[in-house]
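# Structure at a glance
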Amino acid sequence: MADLRHTHELTYEGDRVVKRYQESKPGAAEREWRALTLLAEHAPGLAPEPIAFEGGAVTMSRIPGVPLRGLFARARHVAAMAEALAELHAAVPPAVLRSIPVRPWQQEAIADWIKKRCAAWQSREPLADRAVKEGQRWLESWSPGGQGRREAFGAGDGNLANFLWDGSRVRIVDFEDSGRSDVAFEVAELAEHVSMWVDGEVEIARRFELSPQEERRTRECRKAHALVWFFLLSHEHPRNPPGTFQRQVERVLTTLGA
C-alpha cells in the first residue's frame with residue numbers, strides 16, 4: 001500500500017546503489033532481493049541487476065533514466081510504461097509465481113484498513129464527510145470474488161517516480177512491496193496513485209488489454225485505492241501541492257459515483 005513515510009535510505013557507489021531498509025518495514029529487503037533476482041532471470045534489463053544482499057541492505061546496479069514523475073509524461077512515455085508493466089506482470093512463470101507469497105496490502109488488507117479509518121474519521125467538512133459515508137456504504141458490498149483475477153507478479157507501488165525513462169524504454173525500480181498479485185489490482189493501484197494525477201493526469205488504465213471481468217474488477221479496486229489515498233492525504237503533506245486533499249475528496253466521490 002502507498003506510504004508517505006520514508007522506508008529506506010539510498011547510497012550511490014559509482015555504478016551501484018545500496019538500499020538499506022528501516023526496521024519498521026519488515027520483510028521489505030527480502031521482497032526487493034527476490035524481485036530483482038526473479039526479474040534478472042525472467043525479464044533481464046527491466047529492473048536493476050541484483051548484486052548483493054547482506055544485513056538488510058540490497059546492493060543493485062544503477063540503471064540510467066529520468067523518473068517519469070517530474071517529467072512531462074507524453075504519450076510515448078505512458079505507452080512505454082504500460083509496456084514495461086505488462087512485461088513485469090507476465091515475467092514470472094506460473095509455476096514459479098505460485099510459490100511466491102502474496103504481496104503486502106492486497107484486497108482484504110486494504111479493505112480492513114479502510115474500514116478502520118472510516119470508523120475513526122472525525123467530522124471535518126461536508127464533502128469529505130460525505131466521501132467517508134459513501135466509502136463505508138460501498139465497502140460493505142465489496143467482495144473479494146474470483147472473477148477478473150489474472151495472477152501476475154506485482155511491484156506493489158504505483159509511484160510514477162519508480163519508472164525511469166532512458167530515452168527509448170521505461171525500466172522499473174522499487175520492489176519492497178512486491179509479490180504475487182493480479183493484473184486488475186495492480187492496474188487500479190497504479191491508476192489511483194497520487195503521482196498519476198497531482199501534476200497532470202496520466203491516463204494509464206486504458207493502455208492494458210483487460211478482459212471485461214478484469215475491467216470490472218479494476219473499476220472496483222480503483223474505488224478502494226481512491227479511498228486509501230483519501231485517508232493518506234487527509235493531512236496535507238509537503239510532497240504534494242496545497243489543495244491535494246480537496247482534489248482527492250472530489251476524485252473519491254466521482255470514482256464512487258456519489
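Whatever comes next refers back to the structure up there.
Residues numbered from 1 in each chain as written. Predicted model: local features only at pLDDT ≥ 70, side-chain atom pairs only at ≥ 80, totals over all residues. Heavy atoms only, no water.

## Things to note about empty space enclosed by the protein
The test is simple: Definitions used throughout: a 1 Å grid over protein atoms alone; a cavity as a set of points that fits a 1.4 Å probe which cannot get out; a pocket as an open set with protein on both sides within 12 Å along at least five of seven lines; a lining residue as one with an atom within 4 Å of a point. Grid points are joined across faces, edges and corners, and a volume is the space filled by probe spheres set on the points. Under the scheme used here, helices are H or I runs from DSSP no shorter than 4 residues and strands are E runs no shorter than 2 residues, and both carry numbers assigned from the N terminus. Here the term charged refers only to Asp, Glu, Lys and Arg, the term nonpolar to Ala, Val, Leu, Ile, Met, Phe, Trp, Tyr, Cys and Pro, and the term polar to all other amino acids, Gly among them.
Within the structure shown, the criterion is met by 3 cavities of 30 Å³ or more. The space that makes up the largest cavity amounts to roughly 100 Å³. Around the largest cavity sit 13 residues that line it, and Leu85, Asp157, Gly158, Glu186 and Leu190 are the ones nearest its centre. Counting only elements with at least two residues in the lining of the largest cavity, the list comes to helix H2 (75–91) and helix H6 (183–192). Looking at side-chain class alone, the lining of the largest cavity contains 6 nonpolar, 4 polar and 3 charged residues.

## Describing the nonpolar core
Worth spelling out the cut-off: We define a nonpolar core as any set of buried Ala, Val, Leu, Ile, Met, Phe, Trp, Tyr and Cys residues linked to one another through side-chain atoms lying within 4.5 Å. Exposure categories follow from relative accessible area, calculated using a 1.4 Å probe and restricted to protein chains: below 20% of the type maximum is buried, above 50% is exposed, and the middle band is partly exposed. Whether two residues touch is decided by their heavy atoms; if any such pair falls within 4.5 Å, the residues are in contact.
One finds Met81, Leu88, Phe175 and Ile204 to be the most contacted residues of the largest nonpolar core, which totals 44 residues. When residues in this core are grouped by element, the largest group, 8 residues, is from H2. Setting aside anything within four residues of it in sequence, one finds Met81 in contact with Leu68, Leu160, Phe163, Val170, Met196, Val202 and Ile204. In this structure, Ile114, Phe185, Cys221 and Ala226 belong to the second largest nonpolar core, which totals 32 residues.

## Describing the packing of helix H4 (residues 107–120) against helix H7 (residues 212–232)
Threshold: Under this scheme, a helix contributes an axis fitted over its contacting stretch, all axes are lines through C-alpha atoms, and angles between N-to-C directions fall in the 0 to 180 degree range. Roughly parallel refers to an angle under 35 degrees, roughly antiparallel to one over 145, roughly perpendicular to one between 65 and 115, and oblique to any angle outside these ranges. Left-handed is the label given to a crossing in which the near helix is rotated counterclockwise from the far helix by less than a right angle, and right-handed is the label when the rotation is clockwise.
Relative orientation of the contacting elements H4 and H7 amounts to 45°, with a least axis distance of 10 Å. If you check the angle between H4 and H7, you find them oblique. Crossing handedness for the pair H4 and H7: left-handed. Contacts between H4 and H7 involve Gln107, Ile110, Trp113, Ile114, Arg117 and Cys118 from the former and Arg217, Ala224, His225, Leu227, Val228, Phe231 and Leu232 from the latter. Of the residues that constitute the contact of H4 with H7, the class distribution is 9 nonpolar, 2 polar and 2 charged.

## Section: the sheet that holds strand E8 (residues 170–172)
We count it as follows: Between any two strands, pairing holds if DSSP finds at least two bridges.
An order of E5-E7-E8 is seen for the 3 strands of this open sheet, with the pairing classed as antiparallel. Only two strands of the sheet have a single partner each, and these edge strands are strand E5 (66–67) and E8. Looking at chain direction, E5 and strand E7 (residues 163–165) are connected through 2 bridges and run antiparallel. Bridging from a neighbouring strand, Val66 pairs with Trp165 of E7. Its contacts with the sheet place H2 against E7 and E8, and it is angled at close to 45° to E8.

## Section: the packing of helix H5 (residues 126–139) against helix H8 (residues 244–256)
When two helices pack together, their arrangement is given by the angle between the helix axes and the distance between those axes. Between H5 and H8, the shortest axis-to-axis distance is 9 Å and the interhelical angle comes to 35°. Every pair of crossing elements has a handedness; the one defined by H5 and H8 is left-handed. For the pair formed by H5 and H8, the contact residues are Leu127, Ala128, Arg130, Ala131, Glu134, Gly135 and Trp138 on the first element and Phe245, Gln246, Val249, Val252, Leu253 and Leu256 on the second.

## Describing helix H1 (residues 28–42)
Test applied: Here the expected length of a helix is defined as 1.5 Å per residue gap, with one fewer gap than residues.
Here H1 contains 15 residues, and its C-alpha end-to-end distance of 21 Å stays within 8% of the 21 Å for a straight helix at 1.5 Å per residue. Restricting attention to buried positions, one finds in H1 the residues Ala28, Ala29, Arg31, Glu32, Ala35, Leu36, Leu38 and Leu39. Structurally, H1 contributes buried residues whose contacts are with strand E2 (16–21), strand E3 (50–54), strand E4 (57–61), H2, helix H3 (94–97) and strand E6 (151–154).

## Some points on the pattern of salt bridges
Counted only if it meets this: In the sections that follow, a salt bridge refers to a side-chain nitrogen of Lys or Arg positioned within 4 Å of a carboxyl oxygen of Asp or Glu.
Under the counting rule described, the total for this entry stands at 17 salt bridges. The salt bridge partner of Arg222 is Glu192, with a shortest N-O separation of 2.8 Å. Taken together, the residues Arg222 in helix H7 and Glu192 in helix H6 connect sequence positions 30 residues apart. Of the two residues, Arg222 and Glu192, neither departs from the other in class, the shared state being buried. One network of salt bridges, with partners in common, ties together Lys19, Glu32, Asp174 and Glu176.

## Brief notes about unusual backbone geometry
Located in the positive-phi region is Trp105, a residue other than glycine, with phi close to 55°. Within the secondary structure, Trp105 is located in the loop between H3 and H4. Judged by its relative accessible area of 31%, Trp105 is partly exposed.

## Let's talk about the sheet that holds strand E1 (residues 8–13)
Across the sheet, 4 strands lie side by side as E1-E2-E4-E3; this open sheet has antiparallel pairing. This sheet does not close on itself; its edge strands, each paired only once, are E1 and E3. Each strand of the sheet is rotated relative to its neighbour by a mean of 20°, with strand direction disregarded. Bridge count for E2 against E4 is 5 bridges, and the pairing is antiparallel. Its bridge partner being in E4, Arg20 is matched across the sheet by Ala57.

Coordinates in, geometry out; function isn't part of it.
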